[in-house]
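Structural overview for review
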Amino acid sequence: MTVRTASETAGEGTAERRPPNRALPAMLGPAYLWLAVTIFLPLSAMLYFSLLTETPFGERVAAFTVQHYLDFFQKDFYQTLMLRSFRLGAEVTLYCLLLGFPCAYVLAKTIKGRWREALFLLIILPFWSNALVRVFSWTMVLRGNGVLETAVNWVFPDFGSLGLMFTYPAIIIGLVHSYLPYMILTTYISLQAIDDSLIEAARSLGAGRLTTLRRVVIPLALPGMAAGSILIFVPVVGSFMEPRILGGRQGTFIGTVIEDQFTAVFNWPLGAALSFIMLGFVLLIFALSAPVLRRAGS
Amino acid sequence: MSRRRLPLTSLGRVYLGAVLLFLYVPIIVMAVMSFNASQLYRLPIEWSGVWYERLAGNAKLIDAGLNSLGVALVTTVIASALGTLAAIAFFRYDFRGKKLLQILLFPPIAIPWLIIGTSMLIFFFWIGIGRGLHAMVLGHVALALPYVIIVVSARLKAFDPHLEEAARSLGASQWQTLRYVTLPFLAPGVIAAALFAFAVSFDQFVISYFLAVPGVSTLPVEIYTAIRKGFTPEINAISTIIICLSMAVLLGVARFYKFGGER
């Protein structure tokens, strides 16, 4: 939703008039001044801190160094974690695609009218509730003697323990649950824009159901799927709360290590450097997917 | 419509139902467990309202809830005002650097909150703004602004600029044009944007977590602390209340803002 509409709608109206002298600073100044103080200056400060030897508060005097960046490339520990985080992001994105596409398709192409509106709202409704609360609620479902285990044992007596809580799959389940509505939303918007007669034409020209899907529907829905993938991948790579709550000891990722630098270890320069390295990889992925996203804007 | 199509369609609906079940099960479990007397979430359920009573006596959680509401309300007012002004400027005028300014709306949305939150912590601490509720308002407004501008801009797309010209040529001042022509038309968009901003702030955890000072926090931060210390069923009760509130806000947004375009 956001990626698409932002590029499309943010002020693309009929803007022929030249602004009067003071109108622009008065109207845009407050918003962008705010963004400068809260986003762009902090990011610059973070870059500066990432080049310091230590957190320069109190008595401590810091010098410049690139050691934290070197550390990342010299120590396997950080690289393994970064890789683990990116794998988590890729897996969650993949599952969201696999689960979300059929869902969006059914919604966009087989359900009409008020029902579609109601179901659509039902899908984005949980998304609106607090992410933390939803992750917490999974602990009650997944834990030993929890709801899922009780249900499974009720159907299959003597099934025993599922042992899902505090495992990697538990983190995946929680994250997929958190981000699936994003994928359904963006894919739905793309699918809905496909003219039904295109699909009918393909069918009447002899294309089978699968061929139509593969050659007509999926290529046209690709921008929405790409937008959804980015909206999911980026926050998952940086997630720390979900792995901590659902993963227990299995929940160490680059996000949790960065969090530790700021809340427990008080090594802000290292945390800042790791953040920037993560941001760099994320931007790289943005750049690689730019061609597909550009099609979303046209 | 061929006859072979029917089973596939119903299969699709069954699938949609299954996905909905997956999305709602944890939420329903949370709500049901908040009425379970057992502190260890034992099954079968012993119905009881004891956790809601406990919640009423839990000053820490209530304070955090009030803080959350306060921060969200202030954020909503500031973000809606600044964002609407900016959206109108983008709509009305063409100027150099406009594209760049629009691109600058993406970082708050696209950069992981973890990085935004920690960078705010560094900067605010460094220049003396410090942490606390005021710092959270600073951060939440930044996150909500792009959404407000996007939602209001979407509404402006349907606005006929000749209306403004007509008002001006009939002698209305800049301000009168804004007050009596543009804003009334924009109202549904601004209300939707305001509700968006409220939800963004009220549900925000990551930024608040890094900007909270011990003792003064918002509900999500307090809940996170409680979860990490060990489960308490009062958290279920407050969470159920939050979820109901959030959903009510979304239903409010849906009234003014069409999700997913034309239907």
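**Regarding the overall build of chain B**
Looking only at helices and strands, chain B has 12 helices and 0 strands in total. Here the C-alpha atoms of chain B give a radius of gyration of 23 Å, more than 25% beyond the 18 Å that 2.2 N^0.38 yields for 263 residues. The C-alpha extent of chain B, read off along each of the three principal axes, is 70 × 70 × 30 Å. Counting only residues that meet the buried cut, chain B has 47% of its 263 residues in that class. A separation of at least 24 residues holds for 78% of the contacts in chain B among residues at least 6 apart in sequence.

**As for the interface of chain B and chain A**
Taken together, the 85 residues of chain B in the interface contact 81 residues of chain A. The element contributing the most residues to the side of chain B that touches chain A is helix α1 (residues 5-33) of chain B, with 16 residues.

**Some remarks on the environment of A144 of chain B**
Residues and elements named next belong to chain B. Looking at the element boundaries, A144 is found in helix α7 (residues 133-156). Here A144 falls in the buried class, since 28 other C-beta atoms lie within 10 Å of it. Separated by 36 residues in sequence, A144 and P108 have C-alpha atoms that sit 8.6 Å apart. Excluding its chain neighbours within four sequence positions, the residues that come into contact with A144 are T75, A79, A197, V200 and S201.

**Things to note about the domain arrangement of chain B**
Domain assignment breaks chain B into domain 1 (1-25) and domain 2 (58-256). When each unit is reduced to the centre of its C-alpha atoms, the spacing between domain 1 of chain B and domain 2 of chain B is 36 Å.

**Quick notes on unusual backbone geometry**
Positive phi values are uncommon outside glycine, yet F166 of chain A reaches one of about 60°. By the secondary structure assignment, F166 of chain A is in the loop between α7 (147-155) and α8 (168-192).

**Focus on the nonpolar core**
In terms of nonpolar packing, the biggest core is built from 165 residues, with Y179 of chain A together with A86, L145, V148, A193, F196 and A197 of chain B touching the most fellow members. At 17 residues, α7 of chain B tops the list of elements feeding residues into this core. The residues that make up this core include at least three from each of domain 1 (1-25) and domain 2 (58-256) of chain B. Residues within four places of V148 of chain B in sequence aside, it is in contact with A79, S80, G83, T84, A193, F196 and A197 of chain B.

Cut-offs used in this document
- Residues numbered from 1 in each chain as written.
- Chains lettered and ligands numbered in written order.
- Predicted model: local features only at pLDDT ≥ 70, side-chain atom pairs only at ≥ 80, totals over all residues.
- Helix = DSSP H or I, 4+ residues; strand = E, 2+ residues; numbered from the N terminus.
- Rg over C-alpha atoms; globule rule 2.2 N^0.38 Å.
- Buried ≥ 20, exposed ≤ 12 C-beta atoms within 10 Å, placed from the backbone.
- Contact = placed C-beta atoms within 7 Å.
- Domains from an automatic or database assignment.
- Core = buried A, V, L, I, M, F, W, Y, C linked by C-beta atoms within 7 Å.

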